[in-house]
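Residue-level structure breakdown
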2 protein chains.
Amino acid sequence: MTIGRRALLTGGAAAGLGAAAAAGAALSRRSDGPVVPVAATTTGTGTDTGTRTIAFHGPRQAGVTDEPQAHGAFVAFTLAKDVDRAALGRMLRLLTDDASRLTRGEPALADTEADLAVLPAGLTVTFGFGPGLYRAAGLPSPVTDLPSFTIDRLQDRWSGGDLLLQICADDALTVTHAQRMMIKDARPFGSVRWVQRGFRRSPGVQAAEFTQRNVLGQLDGTANPKDAARDTAVWNADHSTQLVVRRIRAEIETWDLLSVGDKENSVGRRMTSGAPFTGVAEHDEPDFTAVDEGGLPVMPDFAHVTRAHVTDPQLKILRRPYNYDEAPDSSGRPDSGLVFASYQADTARQFLPIQRRLAEKDLLNEWTTPIGSAVFAVPPGCSEGGWIGEHLLS
Amino acid sequence: MTIGRRALLTGGAAAGLGAAAAAGAALSRRSDGPVVPVAATTTGTGTDTGTRTIAFHGPRQAGVTDEPQAHGAFVAFTLAKDVDRAALGRMLRLLTDDASRLTRGEPALADTEADLAVLPAGLTVTFGFGPGLYRAAGLPSPVTDLPSFTIDRLQDRWSGGDLLLQICADDALTVTHAQRMMIKDARPFGSVRWVQRGFRRSPGVQAAEFTQRNVLGQLDGTANPKDAARDTAVWNADHSTQLVVRRIRAEIETWDLLSVGDKENSVGRRMTSGAPFTGVAEHDEPDFTAVDEGGLPVMPDFAHVTRAHVTDPQLKILRRPYNYDEAPDSSGRPDSGLVFASYQADTARQFLPIQRRLAEKDLLNEWTTPIGSAVFAVPPGCSEGGWIGEHLLS
């Protein structure tokens with residue numbers, strides 16, 4: 001199987017791709033452009049949610065500023081020692097080709113379960129390059145691992161990675177199939193370092209314009225920049241961005257010992273409404289100058305919102321997190337938390353100062369523990385016939 | 001925390017339940033009766049899919065003949081040694097009370113994340129009693145573990161259990177929250193033996209009337225009985241039923257070496273359409289008497305459909321399975337398959353003969369391996385103020 005597959009990659013498939021490129025593909029849509037339905041499936045089971053596609057091709061990669069889908073898989077690979085620049089090019093051509101097929105609702109090139117490909121459900125596949133990929137290519141890396149923070153309890157099994165694929169769709173079976181096809185493509189070039197699956201609200205369960213809750217019950221993502229401010233925070237001029245993935249365990253057992261008031265104090269927002277202490281509605285701007293009758297700040301200095309707050313749009317980050325919930329232990333203690341994912345143009349300039357302030361003093365640290373960490377450069381998108389990373393590696 | 005909680009169970013909570021029962025609750029709806037929307041959430045984020053409720057109370061438990069929701073958790077407990085009939089009653093009163101609250105979209109009695117309870121998304125909580133629960137109660141058990149089959153590679157960590165909670169909803173966060181609340185209730189009485197989470201298509205991805213595919217790409221559940229035939233197969237006269245849960249690993253790596261034709265031969269149906277070899281559409285009845293030009297049966301004797309086929313409606317089973325997909329190993333081999341769940345009035349009479357025929361000769365056995373097995377009696381439902389198991393234990 002592996003041999004046949006390998007022959008396919010280096011033989012016919014590569015030739016096919018070359019031919020397509022030579023033929024000159026048409027200009028493609030922006031990744032966050034309009035949504036295009038594909039044809040109903042052969043078994044007639046498609047609906048708008050199932051057949052929805054998000055364009056893969058475009059100057060920017062999809063899966064970044066698109067509304068987060070209900071299910072996400074973050075798949076990190078360690079490159080094999082012998083993978084050089086030429087091998088990286090072969091791997092990325094293959095992965096790009098299959099990602100573009102699957103996101104259109106078409107089977108992968110060597111798809112063994114073609115019938116599972118026909119309901120893309122808003123599938124996106126987003127590529128991230130870790131420092132090790134640049135090393136393998138003999139190029140300087142635009143990203144480095146984060147420094148360690150005193151709050152960290154990082155585990156190797158959730159950290160690092162040379163290549164990341166963020167696979168998201170509104171359907172878990174679609175993610176499962178795409179993940180399997182993409183892993184089969186990458187296998188000859190490395191090993192799976194870690195996989196983190198997560199979920200958000202199912203399609204239609206909650207109106208898209210409302211912030212979703214995390215496993216601690218908090219509205220999560222209120223401060224995310226929107227529209228033009230979002231684009232300013234996320235995209236570099238060359239259409240690249242950067243991704244931080246951190247696995248943050250929720251210490252739910254001790255969190256649950258708190259009163260609602262104490263939970264709210266740790267964040268600086270009301271649990272139910274998400275309103276800051278100085279406001280009445282979720283999206284009211286917190287007023288950090290307000291003081292109570294005793295002269296103390298209404299927004300506590302140690303609260304998460306106070307510590308994480310950023311005023312300058314160019315210094316904000318775009319959170320795109322997923323919840324995780326693995327099996328509890330035999331005593332019933334949950335293994336639950338957040339696959340925190342944030343996109344920003346420059347991790348050192350935007351993410352790091354926030355993380356430093358949080359690590360230094362954030363009451364919420366008591367109930368959240370970072371157990372995994374990885375940073376990836378997210379290269380520009382590509383047009384039809386091109387491939388992700390082409391500008392770097394060809 | 002545990003002590004406070006325990007006091008709550010044996011004190012105020014039990015008294016409250018008693019009072020409600022004494023007041024005489026109104027007659028409740030059948031579990032598969034009409035769907036009732038609850039009020040929009042305090043943050044105004046509800047939609048029809050999010051606020052949909054399935055009535056918990058009724059002569060039959062919910063989560064059996066209802067259309068399977070998108071996400072399911074099967075949670076099995078081992079009872080503590082000192083749990084007797086009286087303790088079982090306390091545990092089941094508490095679990096019943098919280099299940100009825102959560103399925104209405106209301107917080108559990110001691111809910112620590114009340115805001116996560118407001119979008120039930122069609123939540124059902126179904127109770128199953130294993131042989132060990134009857135032993136603890138000093139009662140004869142209507143179910144026994146399945147005999148071992150030569151195809152089995154059962155693991156303790158996926159097998160057995162004294163109490164099962166099947167928690168299903170169209171939203172994964174809803175399942176996560178309900179699972180945590182129910183486990184907190186059961187904790188004083190035992191330990192978590194295993195948890196199996198699974199998924200089906202997200203709401204709206206595929207029209208409800210169509211059969212869904214499993215991770216092997218097969219349409220799974222075509223032969224399920226419907227309407228009156230379904231009720232005949234599932235329910236006993238006293239409104240009880242029985243549940244078999246088997247974890248079936250998909251040997252996807254070797255499955256993927258097969259041609260589509262060979263895959264179809266192992267099942268006796270076309271992969272894409274699901275039609276039997278003797279028909280053109282998925283729901284055409286297979287004709288096991290048909291022979292080809294060479295005089296051989298068109299439906300192969302060793303095919304899954306041939307082996308699993310049941311004509312008598314009283315001997316059919318109702319499959320209600322979920323897909324699982326855990327993280328692959330470092331070489332990329334998937335850990336994926338089916339949390340097979342079937343409901344039938346009498347496991348020995350209905351399930352066992354099918355399973356025996358499949359174990360004896362079913363080509364599909366080559367690519368599926370049972371690694372877990374458990375059987376539960378599913379007692380009748382209850383009306384408001386009552387509790388699941390009351391007829392047995394009070």
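Residues numbered from 1 in each chain as written. Chains lettered and ligands numbered in written order. Predicted model: local features only at pLDDT ≥ 70, side-chain atom pairs only at ≥ 80, totals over all residues. Heavy atoms only, no water.

1. Some words on the overall build of chain A
Within chain A one finds 11 helices and 11 strands. Long-range contacts, defined here as pairs at least 24 residues apart, represent 78% of the contacts in chain A between residues at least 6 apart. Per element, the accessible surface of chain A, about 15,100 Å² overall, is 54% carbon and sulfur. (Helix = DSSP H or I, 4+ residues; strand = E, 2+ residues; numbered from the N terminus. Contact = heavy atoms within 4.5 Å. Areas by Shrake-Rupley, 256 points an atom, 1.4 Å probe, with all protein chains shown as cover.)

2. A word on the packing of helix H3 (residues 85–103) of chain B against helix H5 (residues 172–186) of chain B
All names here are of chain B. Contact geometry of H3 with H5 gives a least axis separation of 9 Å together with a crossing angle of 165°. Taken together, the axes of H3 and H5 are roughly antiparallel relative to one another. Judged by the twist between their axes, the crossing of H3 over H5 is right-handed. The residues of H5 that touch H3, namely those facing Leu 94, Leu 95, Asp 98, Ala 99 and Leu 102, are His 177, Ala 178, Met 181, Met 182, Asp 185 and Ala 186. (Axes fitted to C-alpha atoms, helices over the stretch in contact; angles between N-to-C directions. Parallel < 35°, antiparallel > 145°, perpendicular 65-115°, else oblique. Left-handed = near helix turned anticlockwise from the far one by under 90°.)

3. Notes on the environment of Asp231(B)
All names here are of chain B. Of note, Asp 231 is situated in helix H6 (residues 227–234). Residues Asp 231 and Gln 314, spaced 83 residues apart in sequence, show a C-alpha to C-alpha distance of 9.3 Å. Setting aside its immediate chain neighbours within four residues, Asp 231 contacts Arg 60 and Thr 65.

4. Examining the interface of chain B and chain A
Listed as interface residues are 67 residues of chain B and, on the opposing side, 67 residues of chain A. Both sides together, the interface formed by chain B and chain A hides about 5,200 Å², and carbon and sulfur atoms give 54% of it. Contact with chain A buries area across many residues of chain B, yet Asp115(B), Leu173(B) and Arg201(B) alone supply 12% of it, more than any other trio. Scanning the region where chain B abuts chain A turns up 14 salt bridges. Residue Arg201(A) is joined to Asp171(B) by a salt bridge in which the shortest nitrogen-to-oxygen separation is 2.7 Å. (Buried area = accessible area lost by both parts, 1.4 Å probe. Salt bridge = Lys/Arg side-chain N within 4 Å of Asp/Glu carboxyl O.)

5. Overview of the side chain of Thr241(B)
Residues and elements named next belong to chain B. By the secondary structure assignment, Thr 241 is in strand S7 (residues 241–250). Among the polar contacts made by the side chain of Thr 241, one reaches the main-chain carbonyl oxygen of Gln 344 at a distance of 3.2 Å. In contact with Thr 241, other than residues within four places in its own chain, are Val 64, Val 234, Trp 235, Asn 236, Tyr 343, Gln 344, Ala 345, Ala 377 and Val 378. (Polar contact = N/O pair within 3.5 Å; in protein donor to acceptor, adjacent residues only side chain to side chain.)

6. Describing the pairing of strand S11 (residues 368–378) of chain B
All names here are of chain B. Of all the 11 residues making up S11, 11 are buried; the element is thus mostly covered by neighbouring parts of the structure. Note: S7 against S11, 10 bridges, orientation antiparallel. In the sheet register, Leu 243 faces S11, and the bridge partner there is Phe 376. (Buried < 20%, exposed > 50% of the residue type's maximum accessible area, 1.4 Å probe, protein only. Pairing = 2+ DSSP bridges.)

7. Re helix H8 (residues 260–267) of chain B
Note on helix geometry: an α-helix contains 3.6 residues per turn, so any two residues three or four positions apart are oriented the same way. Residue and element names in this part refer to chain B. Of all the residues in H8, the buried ones are Lys 263, Glu 264, Ser 266 and Val 267. Taken down its axis, H8 places every buried residue within 155° of arc, on the same side. Those residues of H8 that are buried lie in contact with helix H7 (252–255) and helix H9 (304–308). (Arc of directions from axis to C-beta.)

8. With respect to the pairing of strand S3 (residues 71–79) of chain B
Residues and elements named next belong to chain B. Counting buried positions along S3 yields eight of nine residues, so the element is predominantly enclosed. Alignment of S3 against strand S5 (residues 163–169), held across seven bridges, turns out to be antiparallel. The partner of His 71 across the bridge, within S5, is Ala 169. Sheet topology places S3 next to strand S6 (residues 190–199); nine bridges connect them, and they run antiparallel. Its bridge partner lying in S6, Ala 73 is registered against Arg 197.

9. Digging into the relation of the copies chain B and chain A
At an RMSD of 0.0 Å, chain B and chain A line up after a rotation of 180° and a shift of 0.0 Å along the axis. Taken together, the rotation and translation describe the operation of a two-fold axis. Here 100% of the contact residues of chain B are again contact residues in chain A; the copies associate through an equivalent surface. (Least-squares fit on C-alpha atoms with pLDDT ≥ 70 in both.)

10. Some points on the pattern of salt bridges
Opposite charge on two side chains permits them to pair, given that their charged atoms come into close proximity. Scanning all chains against the criterion turns up 46 salt bridges over all chains. Where Asp329(A) meets Arg333(A), a salt bridge forms, and the shortest distance between an N and an O atom there is 3.2 Å. Classification of Asp329(A) by relative accessible area gives partly exposed; the value is 31%. Lys263(B) is the salt-bridge partner of Asp256(B), the closest N and O atoms lying 3.9 Å from each other. Look at Lys263(B) and you get buried, because its relative accessible area is 3%. What emerges from the salt-bridge pattern is a single network uniting Glu113(A), Arg180(A), Lys184(A), Asp256(B) and Lys263(B).

11. Side note on helix H10 (residues 347–360) of chain A
Residues and elements named next belong to chain A. The end-to-end C-alpha separation of H10 is 18 Å, in line with the 20 Å expected for 14 residues at 1.5 Å each. Inspection of H10 places Thr 347, Gln 350, Phe 351, Leu 352, Ile 354, Gln 355, Leu 358 and Ala 359 among the buried residues, and these make up the whole buried set. The N-terminus of H10 is capped by Asp 346, whose side-chain oxygen sits 3.1 Å from the backbone nitrogen of Ala 348. (Expected span 1.5 Å × (residues − 1).)

12. With respect to the packing of aromatic side chains
All names here are of chain A. Under the definition given, this model contains 10 aromatic pairs over all chains. Plain terms: the ring middles of Trp 255 and Trp 367 are 5.8 Å apart, the flat faces sit at 65° to each other, and that makes the pair edge-to-face. Residue Trp 255 is located in helix H7 (residues 252–255), and its partner Trp 367 is located in the loop between H10 and strand S11 (368–378); the two are separated by 112 residues in the primary sequence. For the cation-ring pair, Arg 247 lies above Trp 158, with the distance from its terminal atom to the ring centre recorded as 3.9 Å. (Phe/Tyr/Trp six-rings, centres within 6.5 Å; stacked < 30°, edge-to-face > 60°. Lys NZ or Arg CZ within 6 Å of the ring centre and 35° of its normal.)

13. Looking at unusual backbone geometry
Phi is mostly negative for residues that are not glycine, and the peptide bonds are mostly trans. We note that Ala121(A) has phi near 50°; this positive angle belongs to a residue other than glycine. Relative to the helices and strands, Ala121(A) is located in the loop between helix H3 (85–103) and strand S4 (124–129). The residue Asp227(B) is not glycine, and still its phi comes out positive at about 50°. One can find Asp227(B) in helix H6.

14. With respect to the confidence of the model for chain A
Residue and element names in this part refer to chain A. Averaged over all residues, the pLDDT of chain A equals 89, while 88% of them reach at least 70. Within the model, pLDDT remains below 50 along residues 1–44, and this stretch shows 72 contacts once partners closer than five positions in the same chain are excluded. Reported confidences for the modelled complex are a pTM of 0.89 and an ipTM of 0.89. (pLDDT = per-residue confidence, 0-100.)

15. Here we look at the environment of Arg247(B)
Here Arg247(B) shows up in strand S7. Residues contacting Arg247(B), with those up to four places away along its chain left out, are Trp158(B), Gln196(B), Tyr324(B), Glu326(B), Leu338(B), Val339(B), Thr369(B), Pro370(B), Ile371(B) and Gly372(B).

16. Brief notes about the environment of Val195(B)
Topologically, Val195(B) is positioned in strand S6. Using a relative accessible area of 9% as the deciding quantity, one classes Val195(B) as buried. Sequence separation between Val195(B) and Leu102(B) is 93 residues; the distance between their C-alpha atoms is 19 Å. Filtering out sequence-adjacent residues up to four positions away, Val195(B) remains in contact with Ala327(A), Pro328(A), Phe74(B), Val75(B), Trp158(B) and Gln179(B).

17. Observations regarding the side chain of Thr369(A)
Residues and elements named next belong to chain A. Checked against the element boundaries, Thr 369 lands in strand S11. At 2.6 Å, the side chain of Thr 369 and the side chain of Glu 251 are in polar contact. Among residues more than four places away in sequence, those in contact with Thr 369 are Ile 151, Arg 153, Arg 247, Ile 248, Arg 249 and Glu 251.

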